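Summary of structural features
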Amino acid sequence: MSLSRSRAVAVEDQNRPLVTSRILKMEVLAPFASVPRSTLYTIAPFILIALVLSLIRAYTTWNYYRRMRQINGAPGKPGKTIPPPQIPYTLPYLGNALSFLNTQPGAYWQKLFSWHPRSSGACTLLLGGKKTHIVFTPHIVQAIFKNKTMKRDVFEHELFQKVFSLPDEQIANAEAGKHHEHEMNAAYLTKFDRVNELTETFTRVLDRVLSKDAEEIVKMESIGLYDWLRDRMFTASTTALLGEEILKMYPEYCEDFFGFDQEFLGFFFDLPNIMMRDAIARRNRILTKLQKWSKAMHDRSGGSPIDPEGPAWEPLFGSRLNRARQLDYKIRNLNARSAAAFDLGITFGLSSNVIPATNWMLLHIINPKGDPTLYKRVMAEILKAQNPDGSIHTPTLIALPLLQSIWTETLRLYTDVLVTRNLSEDVKLPLDENGKTFIEMKKGDNVFAPSYIGHHDPEAWSGQDNPSEEFWAERFLSPDPADPSREIFSITGVNGKFYPFGGGRTICPGRVFAKQEALGALAMVLLRFEFEFLGFVDKGGKATDDFVKPGSNFPGSGALMPGGDMKVKVSRRQRLN
Ligand code: HEM
Ligand SMILES: *[C@@H]1O[C@H](CO)[C@@H](O)[C@H](O)[C@H]1NC(C)=O
Ligand SMILES: *[C@@H]1O[C@H](CO)[C@@H](O)[C@H](O)[C@H]1NC(C)=O
């Protein structure tokens with residue numbers, strides 16, 4: 001009932017502009033009778049274009065409502081199969097691309113679901129000539145994750161081609177050896193012992209960096225929290241992964257990397273070259289510097305990195321994972337520039353998400369305008385994970401309920417992931433668990449599962465007066481059934497609605513390390529320093545009363561970059577216990 005009502009409202013909303021434009025056109029065209037011929041010839045093409053565009057809009061709108069009637073109509077025979085409704089558009093080829101590329105996080109989806117019902121399960125966008133199905137009910141999203149034959153190689157190809165501009169022959173080599181990456185990640189990134197080694201090096205370097213800060217940064221009157229944390233975490237994680245020479249040879253890597261991080265989807269989405277000039281220069285600079293670094297490290301290592309099965313870490317090439325990758329570039333016949341592109345790629349996996357995510361946690365914990373009890377409760381929890389010598393016991397830390405809830409809530413609210421698949425066969429997927437209606441997608445089409453839609457579904461997340469759009473530190477806590485006076489972390493019933501790390505065969509191999517790194521950095525920073533709040537600033541550095549909001553981010557950019565910062569005065573904390 002409420003559904004058909006909202007549909008009726010949507011019909012009106014959609015049609016009104018059309019009807020008015022029709023009337024407008026009659027009114028606008030009538031006076032042309034008295035216009036001189038020559039003027040008419042000049043404006044005729046424009047009128048024609050306007051007419052064609054109106055026709056496209058009218059046709060796609062009509063088609064949309066036809067599909068929606070099929071989806072909502074009398075429950076057809078079991079097995080009813082329907083293509084997802086195509087969202088109306090005006091421009092041929094570009095289709096919905098311009099509005100989809102809105103860089104205000106979630107804006108496109110919020111607008112879409114203000115009139116298009118979520119119950120349709122899926123819809124279709126035309127993006128630069130490509131039919132792209134957007135799937136958003138948990139049932140369909142999970143079916144996409146479970147399907148092991150669906151791949152995303154079209155997008156990987158575009159990454160090599162458009163973002164890294166690798167020559168075809170190098171792309172072919174990279175693609176032929178893709179499975180090596182899965183093998184290396186399995187051996188050196190996801191395994192329990194390997195994760196712990198990485199965390200250990202990360203912690204050691206971060207501790208050293210923060211010790212220096214305890215002498216220097218505390219003398220400053222004011223620092224930007226994100227600016228500071230971003231630099232320190234980048235230093236520690238890059239050193240852990242790639243060794244300690246890289247930042248000596250290329251101290252601006254952090255700055256350049258985050259510039260690239262913000263720009264690179266522009267390559268992917270085919271923004272015109274004139275808009276990408278700075279991005280092209282930056283990418284080329286990064287690749288040149290990384291090539292120089294790799295050459296120097298190879299020379300100093302006697303031609304080849306130390307065996308990945310050797311020490312957990314060494315200064316020149318760093319981790320086992322990186323040493324294995326450097327050896328593998330040769331096996332895959334990747335040249336020096338392609339190898340540098342892959343080094344940039346792994347830096348991206350390493351730093352692009354976990355650093356902003358840790359920042360959002362810290363911002364919320366010390367936000368003077370948030371829950372005034374949160375900071376104390378977090379500190380009390382972190383102390384439980386502190387060893388007698390002041391260091392942190394990671395297994396205890398990552399099992400703390402409030403901390404886990406904050407981590408999960410941060411990923412829910414601040415990641416925007418597009419899980420992508422390309423279809424090599426027609427696929428029929430059941431719309432929901434009763435399996436009466438199927439949606440059908442055709443061979444050659446693309447499928448996107450945008451995490452933003454599930455992560456922000458008001459029905460899924462609004463509990464206890466805590467709307468889905470608000471940060472709620474306790475969202476994933478519930479009373480322990482064994483002892484109701486205690487709270488435990490629980491994340492049940494979120495399948496297909498919460499997937500910050502993607503899902504299925506392409507799920508992020510760094511997710512365990514990410515959690516250890518993020519909570520470890522958070523605990524180390526909070527145990528060592530106190531923060532006096534000085535104020536918020538916006539993107540341009542101007543003071544503002546409002547808590548930091550996400551900045552402009554392309555859709556699917558992963559953890560959202562903040563569009564502003566919190567100014568703080570840092571001082572050394574007296575030892576707590
Ligand atoms: C909050 C932190 C992180 C988030 C939200 C995140 C998220 C993601 C997502 C969404 C993907 C793509 C999954 C897909 O397409 O289905 C991915 C891939 C990947 N991530 Fe992460 N990630 C994080 C941290 C890390 C860390 C710390 C590493 C460590 C090296 C890492 C390494 C990778 C790699 C290597 C891939 C590519 C895997 C492949 O090619 O199949 N990630 N990540
Ligand atoms: C998985 O996807 C392929 C297309 O890539 C399709 O042919 C197949 O039927 C799907 N399998 C299931 C179980 O839905
Ligand atoms: C798309 O995906 C399938 C696997 O689902 C793969 O075999 C095919 O080569 C991919 N690429 C293109 C261009 O369709």
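What counts, and at which threshold
Residues numbered from 1 in each chain as written. Chains lettered and ligands numbered in written order. Predicted model: local features only at pLDDT ≥ 70, side-chain atom pairs only at ≥ 80, totals over all residues. Heavy atoms only, no water. Pairing = 2+ DSSP bridges. Helix = DSSP H or I, 4+ residues; strand = E, 2+ residues; numbered from the N terminus. Contact = heavy atoms within 4.5 Å. Axes fitted to C-alpha atoms, helices over the stretch in contact; angles between N-to-C directions. Near = heavy atom within 4 Å. Polar contact = N/O pair within 3.5 Å; in protein donor to acceptor, adjacent residues only side chain to side chain. Areas by Shrake-Rupley, 256 points an atom, 1.4 Å probe, with all protein chains shown as cover. Nonpolar A, V, L, I, M, F, W, Y, C, P; charged D, E, K, R; others polar. Parallel < 35°, antiparallel > 145°, perpendicular 65-115°, else oblique. Left-handed = near helix turned anticlockwise from the far one by under 90°.

1. As for the sheet that holds strand β14 (residues 529-538)
Ordered in space as β4-β17-β14-β15, the four strands form an open sheet in which the pairing is antiparallel. Both outer strands of the open sheet, β4 (223-224) and β15 (543-544), are each paired with one neighbouring strand and no more. Looking at chain direction, β4 and strand β17 (residues 564-572) are connected through two bridges and run antiparallel. Paired with G224 across the strands is K567, a residue of β17. The strands touched by helix α23 (residues 511-528) are β14 and β17; relative to β14, the strand with the most contacts, the crossing angle is about 110°.

2. Considering the site of ligand 2
Around ligand 2, the structure places N147, T149, M150, E425, D426, V427 and L429. Within the side chain of N147, an N or O atom sits 2.3 Å from an oxygen atom of ligand 2. Protein burial of ligand 2: of its 370 Å² of free accessible surface, 58% is covered by the chains. Partitioned by chemical class, the residues of the shell around ligand 2 number three nonpolar, two polar and two charged.

3. Focus on the sheet that holds strand β10 (residues 437-441)
Read from one edge to the other, the open sheet built from three strands follows the order β1-β10-β9, with strand pairing classed as mixed. Taken across any chain shown, the strands that pair with only one partner, and hence form the sheet edges, are β1 (80-82) and β9 (427-430). Averaged over all neighbouring strand pairs, the angle between strand axes comes to 30°, with direction disregarded. Bridge count for β1 against β10 is three bridges, and the pairing is parallel. Across the sheet, residue I82 finds its bridge partner in β10, namely I439. Sitting on the sheet, helix α5 (residues 138-146) is in contact with β9 and β10, with an inclination near 135° to β9.

4. Some thoughts on the packing of helix α15 (residues 320-331) against helix α16 (residues 336-351)
Between α15 and α16, the shortest axis-to-axis distance is 10 Å and the interhelical angle comes to 155°. As summarised for this structure, α15 and α16 are arranged roughly antiparallel, according to the angle between their axes. Every pair of crossing elements has a handedness; the one defined by α15 and α16 is right-handed. On α16, the residues that touch L321, N322, R325, Q326 and Y329 of α15 are A339, F342, D343 and I346. By residue class, the composition of the contact of α15 with α16 is five nonpolar, two polar and two charged.

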